[in-house]
Amino acid sequence: MPSPTPVLSPASAVDAPNDDPSTPTFSQTAWRRTAEIRRAIDVHPFLTGLADGSLARETFVEYMRQDALYLVDYGRALASCAQRAVDAEDVIFWSGSAEGAVREERSLHATHIDGLAVASRSPTTTAYTSYLLAVSARGSYAELVAAVLPCFWIYDDVGRRLRASVDDLANHPYGDWISTYGDPAFTAATRTARRVADRVAHCADAGTVERMHAAFAQASRYEWMFWDAAYRHETWPV
Ligand SMILES: Cc1ncc(CN)c(N)n1
């Protein structure tokens, strides 16, 4: 069976800052190891429908409802990064990102979701947020930084490519979502998150770096699952 054609343009090359190009950074290796997951993301009907505007409105609203629940816990995980960071600059970065995640929830929620609708957490939202909060509570700082990185990087990667492929964002049904994640400020935040992860991995022992890779891959998998769950309007089986 032929594989589906991605509507998104091909992913851009890895553009990590790297002082020593002969040795890949943690983030370059993590990105390469998870290429299969991103290929699955690029052809997922949620995103191909988002790209060409054909995604059903109810499906997008379901995604937004779950995302509003997700972003508050994601903000808690980022606040935990701030609490555990050593460098003052990193404390500023993580606490600003935590605030940004919760504000993002407020603004997207206000635009797309009926204020009276009460959403219950889907199985995938429960799994993803529980995972991030468990790493916040019991993982090392290094693991936690790796676990939150795909939330920046995958959205930046998808957002930038969607923005480049849509001609008229103002008249696109999901133009505000694409603008949010295709924004250069989001790319800058992603770069900073990668630099922190690379710096932390550089000083970590081999076992910790492998746990960082496992956390990065797990969160990347959850990113695919999150779009997939919204697309299926996932509910609890019993
Ligand atoms: C599930 C999910 N992951 C990441 C993002 C980007 N902050 C988001 N809004 N939602």
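- An unreviewed UniProt entry annotates the protein as Aminopyrimidine aminohydrolase of Flavimobilis marinus.
- In UniProt, the protein has this text filed under Sequence similarities (unreviewed entry): "Belongs to the TenA family."
- What UniProt records for the protein under Pathway (unreviewed entry) is the sentence "Cofactor biosynthesis; thiamine diphosphate biosynthesis."

## Here we look at the site of the ligand
- Close to the ligand lie D67, Y70, L71, C151, Y155, E223 and F226.
- Sorting the residues of the shell around the ligand by element identifies α4 (57–84), α7 (141–165) and α10 (206–231) as the ones contributing at least two each.
- It is α4 that contributes the most residues to the shell around the ligand, 3 residues altogether.
- Its residues placed into classes, the shell around the ligand shows 5 nonpolar, no polar and 2 charged.

## Description of helix α3 (residues 45–52)
- All of the buried residues along α3 are F46, L47, L50 and A51. Buried residues of α3 fall within an arc of 130° about the axis and therefore sit on the same side.
- Taken together, the buried residues of α3 touch α2 (35–42), α7 and α10.
- Two residues or fewer after α3 comes G53, characterised by a positive phi angle close to 85°.

## Overview of the nonpolar core
- Counting residues in hydrophobic clusters, the biggest one holds 56 residues, and the most contacted among them are V145, A146, V148, L149 and A197.
- In this structure A146 touches A197, M212, A215 and F216, once residues within four positions along its chain are discounted.

Criteria and cut-off values
Residues numbered from 1 in each chain as written. Predicted model: local features only at pLDDT ≥ 70, side-chain atom pairs only at ≥ 80, totals over all residues. UniProt positions renumbered as here; feature names shortened; annotations may be inferred. Near = placed C-beta within 6 Å. Helix = DSSP H or I, 4+ residues; strand = E, 2+ residues; numbered from the N terminus. Nonpolar A, V, L, I, M, F, W, Y, C, P; charged D, E, K, R; others polar. Buried ≥ 20, exposed ≤ 12 C-beta atoms within 10 Å, placed from the backbone. Arc of directions from axis to C-beta. Contact = placed C-beta atoms within 7 Å. Core = buried A, V, L, I, M, F, W, Y, C linked by C-beta atoms within 7 Å.

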